[in-house]
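# Summary of structural features
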Amino acid sequence: MFDYVKRMIASIVGRNNHEVNKEPRIIRASEHGIDPKMVSFAAVRTCSILQQRGYKAYVVGGAVRDLLLGVKPKDFDVATDATPEQVKRAQRRAFIIGRRFRLVHVVFGNEIVECSTFRALDASGVRKDASGRVISDNIFGEMWEDAARRDFTINALYYDPSTGDIYDYHGGYEDIRRKTLRMIGYPQARYREDPVRMMRAVRISAKLGFKIEKSADRAIAEMAPLLGNVPAARLFDEMIKLFTCGRAEECLLKLRAAGLHRSLLPMLDVILDEPDGEKFLMLALKRTDERIAVGKKISPAFLFATLLWPQVKKRWDAYQKSSTSNKGSARAMALYSAAEEVIATQSAKLAIQYRFVADMKLIWMLQLRFERRTGKNPYTLVEHPKYRAGYDFMLLRSALGHVLESLVHWWEDFVDADEQKRADMVAQAEVEARRTAAQARAGSKSRQKEQRDEERFTEEATRYEPRSKTSRRRRSSAEKAGIEGQASEAKFAEKPDNAASVVSAKPKRRRRRPKSDKAESKSEQS
């Protein structure tokens, strides 16, 4: 009780309590008011199975925080004193993942509960790099040590589904009531251990409307360069969480104010300094927040396509004006080159996954096909798997005057029309195209050829190839060589003219050794 009163006084006067607390405050169900129906059955079942075997098991982290705020958590994490091997043996379907940080994924249908073992506070087995970032930690400890290892007080709450009690080691329950985001321990040291915590602080404060405690807030600007030492794949995951939290616009402004964007979006300053770039970006983030508010899904590819489009547009225009010998580069080739360059520049800081990169290019290149309403293009475009994403992207461009509203309305009517009306709309569009472009194309065969080449290039660039669903296991070089050899032999064998030169694919028969030789070799080995 004395430790709890001391922590309360320290938080009121604005000082961080850096002492390790071994005794928690127990908050009963009648006090915190969490609705048990909001707790996932998978999480409750995971905890009960471990508790029946004599282990401690609690729902922990952001799920408890959201439950206290009356929000249904997206996922649930469980912390226990059982080792990963013990958790795996106890659960029906469980898989140990990770090497540097070993966790267990407990599977219940489509739901996965992430189960971790209590981490030790100070252990010689914890590995850190030169900058102090923890790169390996599989040393297990007590529950109070695990609480001290967590980042913020509001994430260091342990909920027991069987009793409904919450165990609070660092005053996180009171911080939630005061809407304060407070770091456990010294902020500089905690950010150095895991620089991603700075991004997490920005995201949580923007999402929940919490105020970051002064010392933790001041340390962000000081430790921001440490994000350059974080693996790019992990930064990408945090960026997805940040821009899909429902407060993307506010998160972006806070990232820039704290200087964190330089390690994540190096082109952000250039984009926001341009009037059209800032308007487009803020409009895109606003629409993203609106979709999340009504429960609609957000595609990461669409999100990053909007984030990087202002820079793509700028380089696209530059490429079209740069070539004097060809009187400006072809629009399709210029757009493709601009997209490649921007993605290459951004990927140096943020590892955008290849499947998202491919979809981003499709969304950008489809903008050219929306301009062409003649021939078979309208019919094939509306059947394109990425048509809706491309159309929504065109809506954003039209809101800033980059696309005529009449073009947007034409595609809206075309999608809803029947076959006869579609044919009439295409015929009318062809008449208008001949009327408006007759003077530009009259007597210019080279220009007509360029346009046909551009149309062919655009269709080729927007061709959608679904990803194969084969096994993701990495094949060895020997396996690859064997598969390639079989493919080349099959291809060579298909040609009847070269049948005489085909090497027989029959394997050579293995010569058997006489029994006397085998006996002699065994005697020599013995």
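Residues numbered from 1 in each chain as written. Predicted model: local features only at pLDDT ≥ 70, side-chain atom pairs only at ≥ 80, totals over all residues. Heavy atoms only, no water.

## Observations regarding the overall build of the protein
Rules: Starting at the N terminus, helices and strands are each numbered in turn, a helix being any DSSP run of H or I of at least four residues and a strand any DSSP run of E of at least two. Here, residues are in contact when the closest pair of their heavy atoms is within 4.5 Å. Accessible surface is estimated by sampling points in the Shrake-Rupley manner with a 1.4 Å probe; for residues, cover comes only from the protein chains shown.
The helix and strand tally for the protein stands at 24 helices and 12 strands. Residue pairs at least 24 apart in sequence account for 66% of intrachain contacts in the protein once pairs closer than 6 positions are excluded. Carbon and sulfur atoms make up 50% of the accessible area of the protein, which amounts to about 29,800 Å² in all.

## Some thoughts on unusual backbone geometry
Rules: Each residue is placed in one exposure class: buried if its accessible area under a 1.4 Å probe, protein chains only, is under 20% of its type's maximum, exposed if it is over 50%, and partly exposed if it falls in between.
Positive phi, close to 55 degrees, is recorded for Lys179, a residue that is not glycine. Tracing the sequence through the fold places Lys179 in the loop between helix H7 (172–178) and strand S11 (180–181). What makes Lys179 partly exposed here is its relative accessible area of 47%.

## So, the packing of helix H15 (residues 300–322) against helix H16 (residues 331–347)
The relative placement of two packed helices comes down to the angle between their axes together with the axis-to-axis distance. Put simply, the rule is: Every axis in this analysis is a line fitted to C-alpha atoms, fitted for helices over the stretch in contact. Angles between the N-to-C directions lie between 0 and 180 degrees. Convention used here: angles under 35 degrees read as roughly parallel, angles over 145 as roughly antiparallel, angles from 65 to 115 as roughly perpendicular, and any remaining angle as oblique. Crossings are assigned a handedness: left-handed for a near helix turned anticlockwise from the far helix by less than a right angle, right-handed for a clockwise turn. Gly falls in the polar group here, along with every residue not listed as nonpolar (Ala, Val, Leu, Ile, Met, Phe, Trp, Tyr, Cys, Pro) or charged (Asp, Glu, Lys, Arg).
In contact at an axis separation of 8 Å, H15 and H16 are set at 135 degrees when each is read in the N-to-C sense. In terms of orientation, H15 lies oblique with respect to H16. Regarding H15 and H16, the two cross each other, and that crossing is right-handed. Facing Leu308, Trp309, Gln311, Val312, Arg315, Trp316, Tyr319 and Gln320 of H15, the residues of H16 in contact are Arg331, Ala334, Leu335, Ser337, Ala338, Ala339, Glu341, Val342, Thr345 and Gln346. For the contact of H15 with H16, a count of residues per class yields 10 nonpolar, 5 polar and 3 charged.

## So, the side chain of Thr288
With respect to the element layout, Thr288 can be found in helix H14 (residues 275–293). Taking the relative accessible area as the measure of exposure, Thr288 reaches 6% and is therefore buried. Sequence-distant contacts of Thr288, defined by excluding residues within four places in its chain, comprise Phe243, Ile298 and Leu303.

## What about the confidence of the model for the protein?
Here is the rule: For every residue, the predictor assigns a confidence score, pLDDT, that lies between 0 and 100.
Residues of the protein with pLDDT of at least 70 account for 75%, and the chain-wide mean is 80. At the level of individual helices and strands, the protein shows its lowest average pLDDT in helix H23 (residues 477–493), which scores 39, and its highest in strand S9 (residues 157–159), which scores 97. For the stretch residues 516–526, pLDDT sits under 50, and the model shows 2 contacts to residues farther than four places along the chain or on other chains.

## What to know about the sheet that holds strand S6 (residues 111–117)
Note the following rule: Two strands pair if DSSP finds at least two bridges between them.
Across the sheet, which stays open at both edges, the 8 strands sit in the order S1-S10-S9-S2-S3-S6-S5-S4 with mixed pairing between neighbours. Every interior strand has two partners, whereas the edge strands, strand S1 (25–27) and strand S4 (94–97), have only one. The sheet shows a mean angle of 30 degrees between the axes of neighbouring strands, taken without regard to direction. Two elements, S9 and strand S10 (residues 166–168), share 3 bridges in a ladder whose sense is antiparallel. Directly across from Tyr159, in S10, lies its bridge partner Ile166. Contacting strand S2 (57–60), strand S3 (77–80), strand S5 (103–108) and S6, helix H3 (residues 41–52) crosses the sheet at an angle of about 155 degrees to S2.

## Structural notes on the state of the cysteines
This is how the line gets drawn: In this description, a disulfide is simply a cysteine sulfur pair whose atoms lie within 2.5 Å.
All told, the structure shown has 0 disulfides when counted by the stated rule. Counting only cysteine sulfurs, Cys115 is the nearest neighbor of Cys47, a cysteine outside any disulfide, at a range of 7.6 Å. Of all cysteine sulfurs in the structure, the one in Cys245 sits closest to Cys251, which takes part in no disulfide; the separation is 3.7 Å.

## Topic: the nonpolar core
Note the threshold: We define a nonpolar core as any set of buried Ala, Val, Leu, Ile, Met, Phe, Trp, Tyr and Cys residues linked to one another through side-chain atoms lying within 4.5 Å.
In this structure, Tyr191, Phe243, Leu260, Leu285, Met360 and Trp364 are the most contacted members of the largest nonpolar core, which totals 105 residues. Filtering out sequence-adjacent residues up to four positions away, Trp364 remains in contact with Ala305, Leu308, Trp309, Val312, Leu335, Ala339, Ile343 and Phe393. Listed in part, the 17 residues of the second largest apolar core include Leu366, Leu381, Met394 and Val403.

## Some points on the environment of Leu265
Looking at the secondary structure, you find Leu265 in the loop between helix H12 (248–258) and helix H13 (268–273). A relative accessible area of 6% places Leu265 in the buried class. Sequence-wise, Leu265 and Thr345 are 80 residues apart; in three dimensions their C-alpha atoms are separated by 9.8 Å. With residues up to four places along the chain from it excluded, the contact list for Leu265 reads Met239, Phe243, Leu252 and Gln346.

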